Each structure stands twice: as C-alpha cells, then as structure tokens.
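Residue-level listing of the chains:
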Amino acid sequence: SMFIREPEFQGQTKDRLATQEATRIVETTLRDAFDHWLTGNPPQANRLLDWVVDRSEERLRRKKEKEIGRQTATRRLRLPGKLADCALSAAEGTEIFIVEGDSAGGSAKQARDRASQAVLPLRGKILNVASASSTKLADNQLIADLVQALGCGTGTQYRDQDLRYEKVVIMTDADVDGAHIASLLITFFYREMRGLIEGGHLYLAVPPLYRLSEGAKTAYARDDAHKAELLKTEFNGRGKVDVSRFKGLGEMLPKQLKETTMDRSVRTLLRVEIVEDERVATGKVVEQLMGNKPEARFQFIQERAEFAKPDELDI
C-alpha cells in the first residue's frame with residue numbers, strides 16, 4: 001500500500017495512476033523479488049518472455065498494417081514486376097502459380113493459359129515466418145511481392161473478397177528442396193493468411209519426377225512407386241523403356257509442364273485443408289517444426305525416428 005500526496009491520474013476516467021514517484025517506488029519494491037522468481041522458474045519465465053514478445057510484435061504488425069491501409073486506400077494497385085498476370089480481371093475461374101526461380105517461371109509462363117492463369121516466380125526460399133520477427137517479415141521483399149500479387153492483405157486485415165485469384169497453386173520441384181519451399185509457403189499462409197486456406201483457395205501442384213518412354217508411347221510418374229506401377233501396367237516389358245528423371249520444373253519443356261501439371265483437363269491438384277477436429281494439434285505441430293526452438297524439432301525426430309525406414313531417408 002502507498003499513500004501519495006497529490007496523486008496524478010491519466011485521462012478523465014482516472015483509472016490509471018500517472019505519478020512518476022509511484023512508478024519508482026513499485027519498481028524498487030518488486031525488482032529483486034521478481035528477478036529471483038524469474039531465475040528460479042525458467043519454464044514460466046520463458047513462457048512470460050514469449051508472451052511479451054508476441055504481444056509486442058502483434059502491436060508493431062497492426063501499426064504497420066494500419067499505415068499500409070492508409071496508403072493503399074488512395075493509390076492504384078501496383079503489382080510486382082515478375083508477376084505474369086492473367087487477362088481476366090475477375091477472380092472467378094482464375095489461378096496463380098507460385099513457382100521457384102526464374103527458370104521454372106519461364107517454362108510456366110509459356111505453358112500457362114494466358115486468359116486465366118498467372119505465374120509468380122520466387123527467387124530462392126522465402127522467410128520462415130514462424131521463427132522470424134515482425135520486422136524481418138515486414139522487410140522481406142519476396143513476401144511483400146506475394147502479398148501484393150494476391151491483394152487480400154494479411155493477419156487481421158485479410159479480406160477474402162479482395163483475393164485476386166480463385167486458386168493459389170504452389171508449384172515446386174518434386175524433390176526435397178521443392179518440398180521445403182512448399183512447407184515454408186504453407187507455413188506463411190497458415191500463419192498470415194489462414195482465411196485463404198479455410199476458404200479452400202490453396203492448392204499444391206503435383207509435377208512428375210520421371211518421364212517414361214517406349215517408342216511413341218510416353219508416360220509420367222510422380223514418384224518411384226508410381227514409376228514401378230507404370231512399368232508393370234502401361235508398358236508390356238518387351239521393349240526397352242527409357243526412364244529419365246527431371247531435375248526440376250525449369251528443365252521441363254513448356255509442353256511437358258502444361259500436359260502434366262498445368263492443363264486443367266489432365267493435371268492433379270492437392271487442396272490444403274485444416275481438419276476441424278485437429279486445429280489445436282495442427283497449430284502445435286507447425287510451431288514445433290517451424291518455430292524458433294530447435295529442441296522441439298529434436299524431440300519430434302526422437303519420438304518418430306523408429307518409424308522411419310532407411311530407404312525413405314533422403315541423405
């Protein structure tokens with residue numbers, strides 16, 4: 001308890017004491033005891049620190065979103081230079097392919113349907129938003145280009161009706177690096193544009209890993225298991241089957257990319273969804289695998305290492 005002569009209050013409601021002397025007295029009284037408590041309770045101290053940091057970053061993000069909102073309200077939409085946009089202006093029936101690198105972007109731009117398919121090449125791997133600060137997130141050019149191309153905003157400013165495309169398709173190479181880039185993009189959408197996933201707009205393309213040919217006959221395989229299945233079913237085994245492995249989307253001819261991955265009549269798309277009954281578990285796994293605590297990932301590997309088969313590891 002403190003008795004203060006002539007106290008000063010903040011605002012007309014007087015619900016907060018503004019006397020500087022009171023602040024000094026409270027800090028002097030609590031500092032040592034609080035320091036001892038933090039030192040003696042590391043788990044609670046870490047949770048408290050994480051909470052404070054999260055609240056601080058959330059305030060900074062809201063402030064920046066408000067500033068961006070004021071700017072965009074009075075200016076025309078400016079799209080990223082690398083975006084090859086589609087001709088249709090309405091979102092219905094349109095889709096944007098997010099590809100890795102200019103090489104894959106060049107093939108995709110030639111293979112696309114210019115009326116309804118847009119292509120945005122990303123240079124390298126985007127920032128892991130689950131472990132990055134709000135300042136790094138705001139300063140990242142790749143993420144800024146992606147947000148600008150979609151036009152629907154992020155976080156609390158997300159507006160499904162402002163999304164410029166009906167489908168957002170992540171199209172990466174069918175290898176480990178491609179899977180990592182897809183994971184980073186899904187993490188970004190999950191943390192910053194969850195409404196995009198909940199609205200059923202996010203998809204994964206399924207590009208082939210192998211090309212099998214025998215004479216005039218050609219088939220494409222998604223993985224090793226699919227390749228083995230095609231060799232048994234599609235080819236009679238009498239002639240020699242030429243099997244070639246694609247190093248990436250950039251190595252594929254535009255015609256091959258179109259007939260395997262982009263043509264609506266023959267392609268396969270996987271829709272990314274959040275299972276309603278597993279929302280809490282999903283958030284926990286995303287934080288565990290993509291967050292800034294390596295010990296959580298180490299624990300995840302330890303708990304599941306016994307289920308991994310040696311032939312499934314890409315080392």
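The structure this text deals with has already been given above.
Notes on the structure in this doc start here.

Procedures and definitions
- Residues numbered from 1 in each chain as written.
- Predicted model: local features only at pLDDT ≥ 70, side-chain atom pairs only at ≥ 80, totals over all residues.
- Heavy atoms only, no water.
- Pairing = 2+ DSSP bridges.
- Helix = DSSP H or I, 4+ residues; strand = E, 2+ residues; numbered from the N terminus.
- Axes fitted to C-alpha atoms, helices over the stretch in contact; angles between N-to-C directions.
- Contact = heavy atoms within 4.5 Å.
- Phe/Tyr/Trp six-rings, centres within 6.5 Å; stacked < 30°, edge-to-face > 60°.
- Lys NZ or Arg CZ within 6 Å of the ring centre and 35° of its normal.
- Salt bridge = Lys/Arg side-chain N within 4 Å of Asp/Glu carboxyl O.
- Buried < 20%, exposed > 50% of the residue type's maximum accessible area, 1.4 Å probe, protein only.

1. Overview of the sheet that holds strand E8 (residues 269–271)
Right, so step 1: Strand order in this open sheet of 5 strands is E2-E1-E3-E4-E8, and the pairing throughout is mixed. The strands lining the two open edges of the sheet, one partner per strand, are strand E2 (117–122) and E8. Taken pair by pair, the neighbouring strands of this sheet meet at an average axis angle of 30°, ignoring direction.
Right, so step 2: Direction of pairing for strand E1 (residues 95–100) relative to E2: parallel, over a ladder of 6 bridges. The residue bridging Phe 97 from the neighbouring strand is Val 119, located in E2.
Right, so step 3: Packing of helix H5 (residues 141–150) onto the sheet brings it into contact with E1, E2 and strand E3 (167–171), and relative to E2 it is tilted by some 170°.
Right, so step 4: Relative to E3, helix H9 (residues 254–262) is tilted by about 120°, and along the sheet it contacts E1, E2, E3 and strand E4 (202–205).

2. Thoughts on the environment of Pro 207
Right, so step 1: Position of Pro 207 among the secondary structure elements: in the loop between E4 and strand E5 (210–214).
Right, so step 2: Considering only alpha carbons, one finds Pro 207 and Thr 268, 61 residues apart in sequence, at a separation of 8.4 Å.
Right, so step 3: Residues within four places of Pro 207 in sequence aside, it is in contact with Thr 172, Ala 174, Leu 249 and Thr 261.

3. Quick look at the pairing of strand E6 (residues 217–221)
Right, so step 1: Pairing of E5 with E6, which is carried by 5 bridges, proceeds in the antiparallel orientation. Looking at E6, one finds that Leu 212 is bridged to Ala 219.
Right, so step 2: Where E5 folds back on E6, the antiparallel hairpin that results is connected by 2 residues, among which Gly 215 adopts a positive phi of roughly 65°.

4. Comments concerning the sheet that holds strand E7 (residues 242–245)
Right, so step 1: Reading across from one edge, E6-E5-E7 is the order of the 3 strands in this open sheet, with antiparallel pairing throughout. In this open sheet, the two edge strands, each paired with only one partner strand, are E6 and E7. In this sheet, neighbouring strand axes are inclined to one another by 20° on average, regardless of whether the strands run parallel or antiparallel.
Right, so step 2: Seen against the sheet, helix H8 (residues 224–233) touches E5, E6 and E7 and runs at an angle of roughly 150° to E6.

5. Digging into the packing of aromatic side chains
Both the distance between ring centres and the angle between the ring planes are used here to describe each pair of aromatic rings.
Right, so step 1: As enumerated under the stated definition, the model contains 3 aromatic pairs in all.
Right, so step 2: Arranged with centres 6.3 Å apart and planes meeting at 20°, the rings of Tyr 220 and Phe 246 form a pair that is stacked. With Tyr 220 in strand E6 and Phe 246 in the loop between E7 and H9, the pair connects residues that are 26 residues apart, well separated along the chain.
Right, so step 3: Seen from the ring of Tyr 203, Lys 167 lies directly overhead, with NZ or CZ sitting 5.3 Å from the centre.
Right, so step 4: One residue, Arg 194, lies across the ring of Tyr 190, its end atom 4.0 Å from the ring centre.

6. With respect to the pattern of salt bridges
Right, so step 1: According to the stated counting rule, one finds 12 salt bridges in the structure shown.
Right, so step 2: The partner of Arg 164 in a salt bridge is Asp 85, and the shortest N-O contact between them spans 2.8 Å. Linking Arg 164 in the loop between H5 and E3 with Asp 85 in the loop between helix H2 (42–72) and E1, this pair joins segments that are 79 residues apart in sequence.
Right, so step 3: The residue Glu 276 makes a salt bridge to Arg 279 at a minimum N-O spacing of 3.2 Å.
Right, so step 4: Overall, the relative accessible area of 55% leaves Glu 276 in the exposed class.
Right, so step 5: What emerges from the salt-bridge pattern is a single network uniting Glu 95, Asp 113, Arg 264 and Arg 267.

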